Amino acid sequence: MYIAMNRFKVRPDSEEAFRKKWMDRDVLLRTVPGFVSFQLLRGPAMEDYVLYVSHTVWASYDAFIGWTRSEEFRAAHAGAGQGAVLTLGPPVFEGFQVLQDIQV
């Protein structure tokens, strides 16, 4: 398994717009081979930003790379960087190979 995460430092006054943008979008991930799950996470609030993380689980690293090269990926990210600036800088990507997965 492979986990792909993007960290967003969201401006406090833009938090509602940021959440709406994520919650109202078309979810194209379900159609991509190797997709396991997605979570949008809200982290701690700092003085100048609120941390948000998009967390996606994939069956493998190759499945994740397949997503990044797909038409669905291009469609999902078509409007990125347009509109009001909701974050302090671009998202920070982090990718992880799962070494251990313990479930109920």
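Residues numbered from 1 in each chain as written. Predicted model: local features only at pLDDT ≥ 70, side-chain atom pairs only at ≥ 80, totals over all residues. Heavy atoms only, no water.

- As named in an unreviewed UniProt entry, the chain is Antibiotic biosynthesis monooxygenase, taken from Gluconobacter sphaericus NBRC 12467.

## Focus on the overall build of the chain
Right, on to step 1. Across its full length, the chain holds three helices and four strands.
Right, on to step 2. When the helices and strands of the chain are placed in sequence order, the string is β-α-β-β-α-α-β.
Right, on to step 3. The C-alpha extent of the chain, read off along each of the three principal axes, is 35 × 30 × 20 Å.
Right, on to step 4. Looking at the chain as a whole, 28% of its 104 residues are labelled buried.
Right, on to step 5. If you take every contact in the chain between residues at least 6 apart in sequence, the share linking residues at least 24 apart comes to 71%.
Right, on to step 6. In the structure as shown, the chain presents an accessible area of about 7,200 Å², 55% of it carried by carbon and sulfur atoms.
Right, on to step 7. Computing the positive centroid from 11 side-chain charges and the negative centroid from 12, the chain places the two 1 Å apart. (Helix = DSSP H or I, 4+ residues; strand = E, 2+ residues; numbered from the N terminus. Buried < 20%, exposed > 50% of the residue type's maximum accessible area, 1.4 Å probe, protein only. Contact = heavy atoms within 4.5 Å. Areas by Shrake-Rupley, 256 points an atom, 1.4 Å probe, with all protein chains shown as cover. Lys, Arg positive; Asp, Glu negative; His and termini not counted. Charge placed at Lys NZ, Arg CZ, Asp CG, Glu CD.)

## Quick look at the nonpolar core
Right, on to step 1. One finds Tyr2, Ala4, Leu29, Val32, Trp58, Ala63, Phe64, Ile65 and Trp67 forming the largest nonpolar core, which totals nine residues.
Right, on to step 2. For this core, the elements supplying multiple residues, two or more each, are strand S1 (2–10) and helix H2 (61–68).
Right, on to step 3. In this structure, Phe64 is in contact with Tyr2, Ala4, Trp58 and Phe93, ignoring residues within four places of it in sequence.
Right, on to step 4. Residues Val10, Val50, Tyr52 and Leu86 belong to the second largest nonpolar core, which totals seven residues. (Core = buried A, V, L, I, M, F, W, Y, C linked by side-chain atoms within 4.5 Å.)

## Structural notes on the sheet that holds S1
Right, on to step 1. Read across the sheet, four strands follow the order S2-S3-S1-S4 without closing on themselves; strand pairing throughout is antiparallel. With one partner strand each, in any of the chains shown, strand S2 (35–45) and strand S4 (92–97) form the two edges of the open sheet. Taken over all neighbouring pairs, the strand axes of this sheet differ in orientation by 20° on average, direction set aside.
Right, on to step 2. Bridge analysis of S1 against S4 gives six bridges, and the strand direction is antiparallel. Following the sheet pairing, Ala4 is matched in S4 by Gly95.
Right, on to step 3. Each of S1, S2 and strand S3 (50–58) is contacted by helix H1 (residues 15–23), which is oriented at about 15° to S3, the strand it contacts most. (Pairing = 2+ DSSP bridges. Axes fitted to C-alpha atoms, helices over the stretch in contact; angles between N-to-C directions.)

## As for the packing of aromatic side chains
Right, on to step 1. According to the stated counting rule, one finds 12 aromatic pairs in the structure shown.
Right, on to step 2. On the basis of an interplanar angle of 70° and a centroid distance of 5.7 Å, the ring pair of Phe35 and Trp58 is categorised as edge-to-face. A residue pair is termed long-range when its members are at least 10 positions apart, and Phe35 in strand S2 and Trp58 in strand S3 qualify at 23 residues.
Right, on to step 3. The class for Phe35 is partly exposed, based on a relative accessible area of 22%.
Right, on to step 4. When its relative accessible area of 1% is taken as the criterion, Trp58 is described as buried.
Right, on to step 5. For the ring pair Trp67 and Phe73, a centre distance of 5.3 Å and an interplane angle of 85° mean the geometry is edge-to-face. (Phe/Tyr/Trp six-rings, centres within 6.5 Å; stacked < 30°, edge-to-face > 60°.)

## A few points about the pattern of salt bridges
Right, on to step 1. Applying the stated criterion across every chain yields a total of four salt bridges.
Right, on to step 2. Linking Arg74 and Glu71 is a salt bridge whose minimum nitrogen-to-oxygen distance equals 2.8 Å. Placement of both Arg74 and Glu71 in helix H3 (residues 71–76) is noted, with a separation of three residues, approximately one turn of the helix.
Right, on to step 3. Judged by relative accessible area, which is 55%, Glu71 ranks as exposed. (Salt bridge = Lys/Arg side-chain N within 4 Å of Asp/Glu carboxyl O.)

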